[in-house]
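Now for the letters of each chain:
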Amino acid sequence: MPTTIQTRYQAHALKMGAVTLLAITVAMLAGCAGTPPPRPSMVIQQPPVPPSVQAHPLNIPRLQENTLPQSNGNSTSSAPPQAVQTASTPAVLALVSRAETQTQSGDFGGAEATLERAVQIQPHNARLWLDFAQLRLAQKQPAQAEQFALRAVQYAQSNREVSAAWQMVAKTREAQGDTKGAAEARRKAGFVPGQTQG
């Protein structure tokens, strides 16, 4: 028969075990209660992009260069290249004048540097390319002169400019001994075959 002390001891041990178990359970529940359960992530649905917006990029209009209307004056086809009328800025006109003076005085290097500055300001000015061609002829470089004259043809804005540029091409080809090419250039300049020119 167990004694009363043993019975009390066992009852006390059971009580203590139950209290301990209860304390652990409460602690665990308290820990779980502090951390909220994870919520499902919310995904915000974006409306679909319309196909018209999706398929086409931004359409930015290009700026168009408009040339000034050409004067309808009576121009002769035998006008020298120096008479070509091209809209030049005052700075370009000053540089062209300086380059002509330098060429006449034999300062070909100075004239070339001056014309290069003018071309940087107005690269599409046919007159400047004609001046370059004239300079190359003075330097006895007709092949390069022809290339510059052809560039003048490319940038010519009026019939008068085109005629002057082709006259320069004819001059450069004659300097290279290309009489057939020179005759073709004269024809494009508007000269009738067999016509004499100064």
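Everything quoted here is computed from the prediction, not taken from an experiment. (Residues numbered from 1 in each chain as written. Predicted model: local features only at pLDDT ≥ 70, side-chain atom pairs only at ≥ 80, totals over all residues. Heavy atoms only, no water.)

1. A short note on the overall build of the protein
The cut-off we apply is this: Labels follow the DSSP assignment, with helices taken as runs of H or I lasting at least four residues and strands as runs of E lasting at least two, numbered in each case from the N terminus. Only heavy atoms matter for contacts: two residues are in contact if any of them lie within 4.5 Å across the pair. Working definition of accessibility: Shrake-Rupley area with a 1.4 Å probe, residue cover restricted to the visible protein chains.
When its secondary structure is counted, the protein shows 8 helices and 0 strands. Along the chain direction, N to C, the helices and strands of the protein fall in the order α-α-α-α-α-α-α-α. Here the analysis covers contacts within the protein between residues at least 6 apart in sequence; of these, 54% occur between residues at least 24 apart. If you sum the accessible surface of the protein, you get close to 14,800 Å²; carbon and sulfur atoms cover 59% of it.

2. Some words on the pattern of salt bridges
The cut-off we apply is this: By definition, a salt bridge exists where a carboxyl oxygen of Asp or Glu is found within 4 Å of a side-chain nitrogen of Lys or Arg. Accessibility here uses a 1.4 Å probe with only protein chains present; expressed as a share of the type maximum, an area under 20% marks a residue as buried, one over 50% as exposed, and anything in between as partly exposed.
With the rule as written, the count across this model stands at 6 salt bridges. In this structure, the salt-bridge partner of Glu-112 is Arg-136, at a minimum N-O distance of 3.1 Å. Within this pair, whereas Glu-112 is found in helix H4 (residues 108-121), its partner Arg-136 is found in helix H5 (residues 126-138), the two being separated by 24 residues in sequence. Overall, Arg-136 belongs to the buried group, its relative accessible area being 8%. Of the charged contacts, one joins Arg-127 and Asp-131 as a salt bridge, the two residues approaching to 3.2 Å between their closest N and O atoms. Taken as a pair, Arg-127 and Asp-131 lie in helix H5 at a separation of 4 residues, close to a single helical turn. Counted as one network, the salt bridges with shared partners bring together Glu-100, Arg-127 and Asp-131.

3. Describing unusual backbone geometry
Positive phi values are uncommon outside glycine, yet Lys-140 reaches one of about 60°. Within the element layout of this structure, Lys-140 appears in the loop between H5 and helix H6 (142-155).

4. A word on the environment of Ala-185
Within the secondary structure layout, Ala-185 lies in helix H8 (residues 179-189). As a C-alpha pair, Ala-185 and Ser-163 span 22 residues in sequence and 9.2 Å in three-dimensional space. If we skip the residues at most four places from it in the chain, Ala-185 touches Trp-166, Val-169, Ala-170 and Arg-173.

5. A word on H4
Operational definition: Here, expected helix span is obtained from the residue count minus one, scaled by 1.5 Å.
For H4, which comprises 14 residues, the first-to-last C-alpha distance of 20 Å matches the rise-based estimate of 20 Å (1.5 Å per residue) to within 8%. Where H4 is concerned, the buried positions are Gly-110, Ala-111, Thr-114, Leu-115, Ala-118 and Val-119. Elements that come into contact with the buried residues of H4 comprise helix H3 (90-104) and H5.

6. Observations regarding the packing of H5 against helix H7 (residues 159-175)
We apply this condition: To obtain an axis, a line is fitted to C-alpha atoms, over the contacting stretch when the element is a helix, and the angle between two such axes runs from 0 to 180 degrees between their N-to-C directions. When describing relative orientation, an angle under 35 degrees is termed roughly parallel and one over 145 degrees roughly antiparallel, while 65 to 115 degrees is termed roughly perpendicular and anything else oblique. Each crossing gets its hand from how the near helix is turned against the far one by less than a right angle, where anticlockwise is left-handed and clockwise is right-handed. Throughout, the ten residues Ala, Val, Leu, Ile, Met, Phe, Trp, Tyr, Cys and Pro are labelled nonpolar, Asp, Glu, Lys and Arg are labelled charged, and all others, Gly among them, are labelled polar.
Axis separation between H5 and H7 bottoms out at 11 Å; the angle between their running directions is 15°. Judged on the interaxial angle alone, H7 and H5 are roughly parallel. Considering the relative orientation of H5 and H7, their crossing is left-handed. For the pair formed by H5 and H7, the contact residues are Ala-126, Leu-130, Ala-133, Gln-134 and Leu-137 on the first element and Glu-161, Ala-164, Ala-165, Met-168, Lys-171, Thr-172 and Ala-175 on the second. Of the residues assigned to the contact of H5 with H7, the class counts are 8 nonpolar, 2 polar and 2 charged.

7. Description of H6
The terminal C-alpha atoms of H6, which comprises 14 residues, lie 20 Å apart, in line with the 20 Å expected from a rise of 1.5 Å per residue. Those residues of H6 that fall on the buried side of the exposure criterion are Pro-142, Ala-145, Glu-146, Phe-148, Ala-149, Ala-152, Val-153 and Tyr-155.

8. Focus: the packing of aromatic side chains
This is how it is decided: Ring pairs shown here join Phe, Tyr and Trp side chains whose ring centres sit within 6.5 Å, with only the six-membered ring taken for Trp; geometry is labelled stacked below 30 degrees between planes, edge-to-face above 60, and tilted in between. Only when the NZ of Lys or the CZ of Arg is both within 6 Å of the ring centre and within 35 degrees of the ring normal is a charge said to sit over the ring.
For the structure shown, the criterion picks out 4 aromatic pairs. Relative to Phe-148, the ring of Trp-129 has its centre 5.8 Å away and its plane inclined at 20°; by these criteria the two rings are stacked. Here Phe-148 lies in helix H6 and Trp-129 lies in helix H5, a separation of 19 residues in the sequence. Like Phe-148, Trp-129 is buried. Measuring from centroid to centroid gives 6.5 Å for Trp-129 and Tyr-155, while their planes differ by 35°, and the two rings are tilted. With a gap of 26 residues between them, Trp-129 in helix H5 and Tyr-155 in helix H6 connect regions that are remote in the sequence. Feature note: the residues Trp-129, Phe-132, Phe-148 and Tyr-155 constitute an aromatic cluster, connected by ring pairs. For the cation-ring pair, Arg-151 lies above Trp-129, with the distance from its terminal atom to the ring centre recorded as 4.6 Å.

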